[in-house]
Structure formats: structure tokens, C-alpha cells
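Tertiary structure, described
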Amino acid sequence: MAKRQPTWSRRLIALLERGLPPALLEDHEMRRRALLIEGTAWLVVLACALTVPVIAATTTGLGRVASLAADVGTLLLTLVGPWLLRRRGTPAAAGHWITGCVFVGTVYAVSTTGAFASPYWILLAIVPFLAAQMAGRRAGHLWGAICLVGVCALFFAAHFTNVLPQFHDPDRYATTTAIYGAMTILAVHGLSHLADLAKDEAIARAEAAAAQLEHADLEIERARILAQQAVAANSAKSAFMATMSHELRTPLNAVIGYAEMLVEDADAQGLPDMRDDLVKIVGASQHLLGLIDDVLDLSRVEATKLDLQREQFAPEDVAREVTEALQPLARTRGNVLEVRAPADPLRAMLDRGRLRQVLVNLVGNALKFTARGRVTVHVRGEEVGPARFVVFAVEDTGIGIREGDHRRIFEPFTQVDSSPRRRYEGTGLGLALCKHLVEMMGGSIGVRSEFGRGSVFTVRLPAEPPARAEPVKPAAAC
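Structure report, in brief. Because the structure is a prediction, the values reported are computed rather than measured.

About the cut-offs
- Residues numbered from 1 in each chain as written.
- Predicted model: local features only at pLDDT ≥ 70, side-chain atom pairs only at ≥ 80, totals over all residues.
- Heavy atoms only, no water.
- Helix = DSSP H or I, 4+ residues; strand = E, 2+ residues; numbered from the N terminus.
- Buried < 20%, exposed > 50% of the residue type's maximum accessible area, 1.4 Å probe, protein only.
- Contact = heavy atoms within 4.5 Å.
- Areas by Shrake-Rupley, 256 points an atom, 1.4 Å probe, with all protein chains shown as cover.
- Pairing = 2+ DSSP bridges.
- Axes fitted to C-alpha atoms, helices over the stretch in contact; angles between N-to-C directions.
- Phe/Tyr/Trp six-rings, centres within 6.5 Å; stacked < 30°, edge-to-face > 60°.
- Lys NZ or Arg CZ within 6 Å of the ring centre and 35° of its normal.
- Salt bridge = Lys/Arg side-chain N within 4 Å of Asp/Glu carboxyl O.
- Polar contact = N/O pair within 3.5 Å; in protein donor to acceptor, adjacent residues only side chain to side chain.

Description of the overall build of the chain
Within the chain, the regular secondary structure consists of 15 helices and 7 strands. Sorting the 478 residues of the chain into buried and exposed places 38% on the buried side. When contacts within the chain are restricted to residue pairs at least 6 apart in sequence, long-range pairs at least 24 apart make up 71% of them. About 27700 Å² of surface is accessible on the chain, with carbon and sulfur atoms providing 60% of the total.

Section: the sheet that holds strand S2 (residues 336–340)
The strand order across the open sheet formed by 5 strands is S2-S4-S5-S7-S6, and the pairing between neighbours is mixed. Sheet topology places S2 and strand S6 (444–450) at the edges, where each strand pairs with a single neighbour. Averaged over neighbouring strand pairs, the angle between their axes works out to 15 degrees when direction is ignored. Pairing of strand S5 (residues 387–396) with strand S7 (residues 454–462), which is carried by 8 bridges, proceeds in the antiparallel orientation. Paired with Ala 393 across the strands is Thr 458, a residue of S7. In this fold helix H15 (residues 430–440) packs onto S6 and S7, with an angle of close to 140 degrees to the strand it touches most, S6.

Some thoughts on the packing of aromatic side chains
Each aromatic ring pair is described using two quantities: the centre-to-centre distance and the angle formed by the ring planes. In the structure shown here, the tally under the stated rule is 3 aromatic pairs. Both rings, one in Phe 156 and one in Phe 160, keep their centres 5.2 Å apart while their planes meet at 35 degrees; by these two values the pair is tilted. Separated by 4 residues within a single helix, Phe 156 and Phe 160 lie in helix H9 (residues 137–160), roughly one turn from each other. Taking 6.3 Å as the distance between ring centres and 70 degrees as the angle between the ring planes, the aromatic pair formed by Phe 410 and Phe 457 counts as edge-to-face. Residue Phe 410 is found in the loop between S5 and H15, and its partner Phe 457 is found in strand S7; the two are separated by 47 residues along the sequence. The same class applies to Phe 410 and to Phe 457, which are both buried. Over the ring of Phe 389 we find Arg 460; its NZ or CZ atom is 4.0 Å from the centre of that ring.

Overview of the pattern of salt bridges
Side chains that differ in charge, positive against negative, can pair when their charged atoms come close. Under the counting rule described, the total for this entry stands at 13 salt bridges. Here Arg 86 makes a salt bridge to Glu 38, at a shortest N to O gap of 2.7 Å. In this pair, Arg 86 sits in helix H5 (residues 80–88) while Glu 38 sits in helix H3 (residues 28–58), placing the two residues 48 residues apart along the sequence. Glu 38 sits in the buried class, given a relative accessible area of 3%. The residue Glu 450 makes a salt bridge to Arg 453 at a minimum N-O spacing of 3.8 Å. Judged by its relative accessible area of 60%, Arg 453 falls in the exposed class. Members of the salt-bridge network, linked through shared partners, are Glu 338, Arg 340 and Arg 374.

Here we look at the side chain of Thr 376
In this structure, Thr 376 sits in strand S4 (residues 374–384). A relative accessible area of 5% places Thr 376 in the buried class. There is a polar contact of 3.2 Å between the side chain of Thr 376 and the side chain of Glu 338. The residues contacting Thr 376, other than those within four sequence positions of it, are Glu 338, Arg 340, Ala 393, Val 394 and Glu 395.

Notes on unusual backbone geometry
Residues apart from glycine generally show negative phi values, whereas peptide bonds are mostly found in trans. At Arg 372, a position not held by glycine, the phi torsion is positive, near 55 degrees. With respect to the helices and strands, Arg 372 occurs in the loop between helix H14 (352–368) and S4. Classification of Arg 372 by relative accessible area gives exposed; the value is 73%.

Spelled out as C-alpha cells, the structure:
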């Protein structure tokens, strides 16, 4: 378990993180290196600033000017490192840049203060450490080799040439060594502490992420169990609906049969009043039987137990059959019912019975929600590349559907007006069953409607079933 960081540490990290690219802060290792680059840059700036009075006290003349110029140059060049970090978005370039500034500044200080007698040698020892922490392990190896090459070059220049100047007063080396030794110790300790802070926060974030992941796993498992229960409940519902629909149809067929026999008896005995009542019984029973058939078909579709029987026929013939069968309902509502089809006959390979069922539902709905208007069944063919489609559009001038209800009407047991005082009766199964049947035949169904102006239900079906891929014959052996 990661320890909770003190307030000042969190504030320090927040200050160093300000302005850093979000991509750097998402990865724990990149974030740690970015924090070290920021911290090292500001430590170098602080060290250069504190060096100014030391240079002023231990140098004179041209040496003071050169040393101050080198010190200020190192300070300004170091500030380029954080800019590179934000510009590039990766710590590699910024880490190498700041390491190079520290190396060049240290070599300059060593070469102008007595070479191997210089008090600045201690700063050269932390260069590989800084490179490894800020830019990676390979960078540490690289800068370690560069430091060794620099030591060899200084050794050669100090023993075999006289090119190294002497700007500082050797009598002040004890004071200078103490100052820079203390600064080096504080710098290494501060950077190590900053690295630990970044590591602890990374551990804390990892633990929080692990806790969230565990919680997410629990939620996924819970959702999986709920999904299994929903599937089981849906299967049980479909089985129950299929069983009950079958059990209801048997006695209802008997009621219809006996009622029709009584109608014939009433005709034979000249009882018109009784005959009218019996006709109403037959009509209500047949309507109820149609609703039960819809429930049975919907349950079969949901249980994927409904088979399609494809045959070749003319789609406009089915549309005319449906309109002829529903002409009495159209006359009752005062509607004009017609079919518009192309002059050239169309051909389709579909389930004729299921297509007729879809059109009966759509045209019946159009007639039910239209009074003293017009219902038109449009039939046309479409070609998209090599594929051929048959399109049925049932257009009415009825009450229309509000835009927010266009999708809801295709849900089972859903009606636009579901209040107890609704004007139009029905179970809300017709459009849901149409949608299922059309999709089973590889087509689509949609609606375009304006409230108060009428509706157009469009069914688009492939004229031919999709071709099955022929199995690849194995190549003959050579």
C-alpha cells in the first residue's frame, strides 16, 4: 500500500506538473522522468543563481566576466529543457539537453579553476546519474562514457599543454569546495526524494486503477448474470406465449365453428335479429383469433423457430389480393383503397404467406387510422448494382405519427396512445411482428410520417435470396 504524501509534496508535484502535456502524465514512467527534468532544471537555475556571488568573490577582471557569462549562459540554456519537454512531449530530448548543459558548465568550470585541482569535480560525478534518471538507462551509459572522455581530455590538456586558464583564486578553493559540495549533496538528495514522491504517487494511482478494474470486473460479472437471466426469462416468455396461444386457439376455433353453424340455422329459420348477433360473435371471435395468431408468430420469431417457405411469384399480385380482401373494411371507414404497380410484372423469391401477413398488418393499420381518406399501396422494383429489390410503400392520409414515436411503434405491445381511453384498439403486436418478419426475409422497414398529414410505411425486400458461396474444391494432387 502506497503511503499518503504530505501536503507540501503534493503541492510541489502539482507545481512541477503545471503546463505539462497530458500524454506525459498518463504514463507513470514518463511522468516520473518529466518531474525529474522539471526539478533538475530549476535546481540548475538555482545553483547558477547562487554561484554569481561566489564568482564575484573569487575572480577578478576578465576571469570574472568570462565566468559570469558562462554561468548566466548555463542558466538560460537550461531553461530550454522544460520548453523542449512541452514541445516534443517526450522526456528524451529535454533530458539530454539539461544533462548536456550541466556537463558543459561543469567542464568549463573545471578547466578554468585549476583542472584536477578544481573544486567543481564533484559536479561531474552526478552527470551520468541525471542522464539515467531523466532520459533513461542508455542515456546514463552514454553520458558516463562522455564524462570519461572529458576527464581524459582534461588530463591531456593539463599535463601536456598550457591552454587551460586560471580564473579563480586557489586560496578560496576551500570555501568554494564546501559550497558546491553542500549544493551537490542537496541536489542529489532532492532529486532522489522527488523520484520517490513520483514513484509513490504512481503506486497510489496504480492501486486506484486496480481497484476500479476490480469494481468494473464485478459490474461486468453482474451484468453477465443479469443478461443470462434476461435470456432465460425471454425464452420462458416465448415458450409460455407459444403454449398459451396454441391452447387458446383450440377452443376458439370450436366457438367460431359453432357460431357459423348457428348463423346458418338462423338464416334457415328466418331469425334476422339472432343472425346479426351471431355474425357479431363470429367477427369478434375471428378478430381474437387473429390477435392470438400474431402472439404465436411473434413468439416463434423471437425463439427463431419460424421457418420461411420461399417461392417465386409476382409481388403486385399479393398486394392486389390484400387490397381486395380489405375492401370491406375500407368501405366501412369511407376510404379509397388502391394499388399502384409498374406495367411490367415483377418477380420475387420470397415467403408469399409471410409477405401477405406483413401487408395485411400495414394496410389494416392504415385503414384503421384513416377515415374518409385514401390508402395507396405502391409496388416498385429497385436495382443496386447486381442486387434486385422489391419495395412496398403503404401510404395513407390518416392521423399520422409524431416524430418522437417513429421508433417506439415497432416495439412489441407498444401503441402511440396507450391510455385506457384510447380511441383505437389493438395489442401493439402488428408492427413489431412486421419488423421481425421483414428482417427475417433480409429486408428493412421504415416509416415517414407527419402528424395530422398521414404516414408512409416502406418495406424493402431482396427479390432473390442471397447466393450461397460455393465450396472450394480441393486441388488435385500432383
